[in-house]
Amino acid sequence: AALLAAAGVAAASAPGAAQAFVYNGKEYFDITFGINPFIWALAAAFIIFYGATLKNAALKYNKPYGTLTVKDPDPIIGKGKKFIGMEAEGLGGKKADN
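Not measured: the values here are computed from a predicted model.

About the criteria used
Residues numbered from 1 in each chain as written. Predicted model: local features only at pLDDT ≥ 70, side-chain atom pairs only at ≥ 80, totals over all residues. Heavy atoms only, no water. Helix = DSSP H or I, 4+ residues; strand = E, 2+ residues; numbered from the N terminus. Buried < 20%, exposed > 50% of the residue type's maximum accessible area, 1.4 Å probe, protein only. Areas by Shrake-Rupley, 256 points an atom, 1.4 Å probe, with all protein chains shown as cover. Patch = residues over 30% accessible without salt bridge, like charges linked within 9 Å, V, L, I, M, F, W, Y side chains within 5 Å. Salt bridge = Lys/Arg side-chain N within 4 Å of Asp/Glu carboxyl O. Phe/Tyr/Trp six-rings, centres within 6.5 Å; stacked < 30°, edge-to-face > 60°. pLDDT = per-residue confidence, 0-100.

(A) Geometry of the overall build of the protein chain. Helix and strand counts for the protein chain stand at three helices and two strands. Reading the helices (α) and strands (β) of the protein chain from amino to carboxyl end gives α-β-β-α-α. Looking at the protein chain as a whole, 2% of its 98 residues qualify as buried. Per element, the accessible surface of the protein chain, about 9400 Å² overall, is 67% carbon and sulfur.

(B) Expanded view of a nonpolar patch on the surface. Taken together, Phe33, Ile35, Phe38, Ile39, Trp40 and Leu42 make up a surface patch of nonpolar side chains, about 660 Å² in accessible area. Structurally, the position occupied by Phe38 is in helix H2 (residues 37-61). With relative accessibility at 54%, the residue Phe38 sits in the exposed group.

(C) How the structure looks around the packing of aromatic side chains. Counted according to the given criterion, the structure contains one aromatic pair. When the centroid spacing of 6.3 Å and the interplanar angle of 15° are considered together, the rings of Phe46 and Tyr50 count as stacked. Of this pair, Phe46 and Tyr50 both sit in helix H2, four residues apart, roughly one helical turn. Classification of Phe46 as exposed rests on a relative accessible area of 54%. On the accessibility criterion, Tyr50 (48% relative accessible area) is partly exposed.

(D) Looking closely at the confidence of the model for the protein chain. Per-chain confidence: the protein chain averages 76 in pLDDT, with 69% of residues scoring 70 or above. Least confident of the elements in the protein chain is helix H1 (residues 2-18), whose mean pLDDT is 66; most confident is H2, at 95.

And the structure:
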């Protein structure tokens, strides 16, 4: 119990020792971390603009693939080709060296 009380006192006195919320004897609460609010607004606008740009690019260039979205889609392996397993290729389940 004494150890727990000592830990509580140490935790309660840590901000006071570092004077984390006190400047020249007056207590302050700065939610902007000392950075100009205009810069915070600029950063927020940039993040929103960047996110919108990524979303628009994804919607423009990301083409759907599948039997329900594209009529008669080409296979990923290529047109006119068939999948050949490793056993049929003669690798016997071992990976080929590149």
